[in-house]
Amino acid sequence: MDGRRKTYVAVVVIQAIYTGMFLLSKVAFDVGMNPFVFVFYRQAAAAVFLAPIAMFLERKTAPPISFLICFKIFMLSLCGVTLSLNIYGVALKYTSATLAAATTNSLPVTTFILAVLLRMETAKIRTGAGIAKVMGIVFCAGGALTIAFFKGPTVKLLMHHHLFSYHGQVQNTAASSHWIKGVFLLLLANALWATWLVMQNRVLKSYPSKLLCTTLQCFMSTIQSFVFAIALERDPSEWRLGWNVRLLSVAYCGIVVTGVTFYLQAWVVEKKGPVYMAMTTPLALIFTISSAAVLFGEILSLGSILGGILLVGGLYSVLWGKSKEQKTAASNTGDIEKAEYELKEESIVEKQSSTPNARIQHACSPA
C-alpha cells in the first residue's frame, strides 16, 4: 500500500473511532452513568495507558519540567480537557450522538475565531480568502442556530426496527426542553477544546515532548475530574462499572480514542498537514448518522440536517480561505526570494565590471 492510500485509511479509521466515541458515550449516559464519573474514569484509563509508553519513548529526550511549565500544563488540562469533556458529557445527555458529531465541524471555525482574537490569525475581508473565512463563521453560526431553534419534519433513516432497545430514549431526549441547552453546551465544549488547541501550540514551544505533555495532561485531568465527580456525585453505586457498556465506553474512550487517535492524527498531520486532517471531520458525521440509524433507529429532524450542512459548509469555507492565504503567502515569498536573488546577481556583475581587469578587457574587446 502506497503512502497516499495509507493516509486515506488512517483518516477513515480516525473518524470511525470518533464515531464509536459519540455512540458509546451516548449509550453510557442514557443507561444512567454519571457524566462526571465517566470523564474521571476515561482520563484515568488514558493516563494509565499512556504513562508507560511516554516513559519508554521520551524518558531520555524529554526536557526537565519547571514549575511554570507544570502550571501551564495544569491550566491547559483544566480548560481544554476537564471542563470541555465534562460539559460535553452533560450536553450529550440532553441531545444525541448525531448532533455531537455535527457540532464537531464547528471546531476549526471556533479555533480560527480565537486565533484572530489572540492575533495569531488575520481575516482580510478585502480578499477572497478573507471573505471565505468570514462566510465560514456566518455559516457555522447559522448552522448552530438552525439546529437549536428549528425542528421541522422528522426523517427516519434506513430501518423501521432498530437493533437495540434504545430508541425511545433517543426520541425523548431529542424532543425534550433540554435540547436547546444541550446544543449550546456542545458549542461551549467545542469552544473550550478550540482554546486548548490554540494554547497548546504555545505550551509545546516551551515543552516540545508531545507524548509526555499529553500524558501529563491526562494525569492532571484525572485529578481535576475526580474533584468534580466526588463533589457532584456521592452515591457509591454510581461509581461501579461492572462488565457492561459503562466499562466498555470508559475503556474505549480512554485507551482507543486518546491513545490510538493521538498517534494516527500526529502521523496524518505530519504527512498531509492539519488542513487535510480537518477536512475529513465530516466523515464522522456521516458515519454517526448511519450507525445511529441502524443501531438505534434514531430519528433526525430537518433542522438538524440543514444545520449540519451549514456547519460543514462553514468548515470548508474557512479551510479554503486558509489554504488560499497560505498559497498566496508562499507565492509572495517565492517572488521576494527571486527578486533578492536577481539583485544579488546584478550586484555581483556590477562589482566584476568595476574591477581593473574587467575595464581592460572591455576596452580591448572588438565591440
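Under an unreviewed UniProt entry, the name given to the chain is WAT1-related protein, and the organism recorded is Anisodus acutangulus. Of the chain, the UniProt comment under Sequence similarities (unreviewed entry) reads exactly: "Belongs to the drug/metabolite transporter (DMT) superfamily. Plant drug/metabolite exporter (P-DME) (TC 2.A.7.4) family." As recorded by UniProt, the Subcellular location (unreviewed entry) comment attached to the chain reads in full: "Membrane".

The next thing to look at is the packing of aromatic side chains. Two measures describe an aromatic ring pair: the distance that separates the ring centres and the angle between the ring planes. Per the counting criterion, the structure on display carries seven aromatic pairs. For the pair phenylalanine 29 and phenylalanine 38, a centre-to-centre distance of 5.1 Å together with 80 degrees between the ring planes defines the contact as edge-to-face. For phenylalanine 38, a relative accessible area of 2% puts it in the buried group. Each residue in the set Phe40, Tyr41, Phe226 and Trp239 is aromatic and connected to the rest through ring pairs, giving one cluster.

This part covers a nonpolar patch on the surface. On the surface, Ile125, Ile131, Val134, Met135, Val138 and Phe139 cluster together into a nonpolar patch covering about 500 Å² of accessible area. Mapped onto the elements, valine 138 comes out in helix α6 (residues 128–149).

Now for the pattern of salt bridges. Across all of its chains, the model carries one salt bridge by this definition. The closest approach of N and O atoms between aspartate 30 and lysine 26, which form a salt bridge, is 3.3 Å. Highlighted residues: aspartate 30 and lysine 26, both in helix α1 (residues 3–30), separated by four residues, approximately one helical turn. A single burial state applies to aspartate 30 and to lysine 26, both of which are buried.

As a further point, take the confidence of the model for the chain. Predicted confidence across the chain gives a mean pLDDT of 77, with 79% of residues reaching 70 or more. A low-confidence stretch, residues 165–175 (pLDDT under 50), is modelled with 21 contacts involving residues beyond four sequence positions or located in other chains. A low-confidence stretch, residues 356–367 (pLDDT under 50), is modelled with four contacts involving residues beyond four sequence positions or located in other chains.

It is worth spelling out the environment of serine 225 at this point. Note that serine 225 resides in helix α9 (residues 210–232). Take serine 225: its relative accessible area is 0%, and that puts it in the buried class. The residues contacting serine 225, other than those within four sequence positions of it, are Phe36, Val39, Phe40, Gln43, Thr82 and Asn86.

Here we come to the packing of helix α8 (residues 179–206) against α9. Between α8 and α9, whose axes approach to 11 Å, the crossing angle comes to 125 degrees. Considering the angle they form, α8 stands oblique to α9. α8 and α9 meet at a crossing whose hand is right-handed. Between α8, through Trp196, Gln200, Val203 and Leu204, and α9, the contact on the second element is made entirely by Lys210, Cys213 and Gln217. Each residue belonging to the contact of α8 with α9 can be placed in one class, and the counts come to four nonpolar, two polar and one charged.

What follows concerns the side chain of serine 96. Within the secondary structure layout, serine 96 lies in the loop between α3 (67–94) and α4 (97–103). A distance of 3.2 Å separates the side chain of serine 96 from the backbone nitrogen of leucine 99, its partner in a polar contact.

Our next topic: the environment of leucine 192. For leucine 192, the location among the structural elements is in helix α8. On the accessibility criterion, leucine 192 (15% relative accessible area) is buried. For leucine 192, the residues in contact, after removing those within four places along its chain, are Cys79, Gly80, Leu83, Ser84 and Ile87.

It is worth spelling out the packing of α3 against α9 at this point. Each pair of packed helices can be described by the angle between their axes along with the distance between the axes. In contact at an axis separation of 8 Å, α3 and α9 are set at 60 degrees when each is read in the N-to-C sense. The orientation of α3 relative to α9 falls into the category oblique. As α3 runs across α9, the sense of the crossing is right-handed. Packed against α3, whose contacting residues are Cys70, Ile73, Phe74, Leu76, Ser77, Leu78, Val81, Thr82, Leu83 and Asn86, the element α9 presents Cys213, Leu216, Gln217, Met220, Ser221, Gln224, Ser225 and Phe228 at the interface.

Turning to the nonpolar core, a few remarks are in order. Counting residues in hydrophobic clusters, the biggest one holds 69 residues, and the most contacted among them are Met21, Phe22, Met33, Phe38, Tyr41, Tyr88 and Tyr252. Every residue in contact with tyrosine 252, bar those within four places of it in the chain, is listed here: Ala16, Ile17, Gly20, Met21, Leu24 and Val257. One finds Ala10, Ile14, Val268 and Met277 within the second-largest nonpolar core, a separate group that totals six residues.

A few words on α8. With 28 residues, α8 ought to run about 40 Å at 1.5 Å a step, and its terminal C-alpha atoms sit 41 Å apart, in line with that. The axis of α8 is deflected most strongly, by about 30 degrees, at glutamine 200.

Scoring rules and cut-offs
- Residues numbered from 1 in each chain as written.
- Predicted model: local features only at pLDDT ≥ 70, side-chain atom pairs only at ≥ 80, totals over all residues.
- Heavy atoms only, no water.
- UniProt positions renumbered as here; feature names shortened; annotations may be inferred.
- Phe/Tyr/Trp six-rings, centres within 6.5 Å; stacked < 30°, edge-to-face > 60°.
- Buried < 20%, exposed > 50% of the residue type's maximum accessible area, 1.4 Å probe, protein only.
- Patch = residues over 30% accessible without salt bridge, like charges linked within 9 Å, V, L, I, M, F, W, Y side chains within 5 Å.
- Areas by Shrake-Rupley, 256 points an atom, 1.4 Å probe, with all protein chains shown as cover.
- Salt bridge = Lys/Arg side-chain N within 4 Å of Asp/Glu carboxyl O.
- Helix = DSSP H or I, 4+ residues; strand = E, 2+ residues; numbered from the N terminus.
- pLDDT = per-residue confidence, 0-100.
- Contact = heavy atoms within 4.5 Å.
- Axes fitted to C-alpha atoms, helices over the stretch in contact; angles between N-to-C directions.
- Parallel < 35°, antiparallel > 145°, perpendicular 65-115°, else oblique.
- Left-handed = near helix turned anticlockwise from the far one by under 90°.
- Nonpolar A, V, L, I, M, F, W, Y, C, P; charged D, E, K, R; others polar.
- Polar contact = N/O pair within 3.5 Å; in protein donor to acceptor, adjacent residues only side chain to side chain.
- Core = buried A, V, L, I, M, F, W, Y, C linked by side-chain atoms within 4.5 Å.
- Expected span 1.5 Å × (residues − 1).
- Bend = angle between axes of the 7 residues up to and from the residue.

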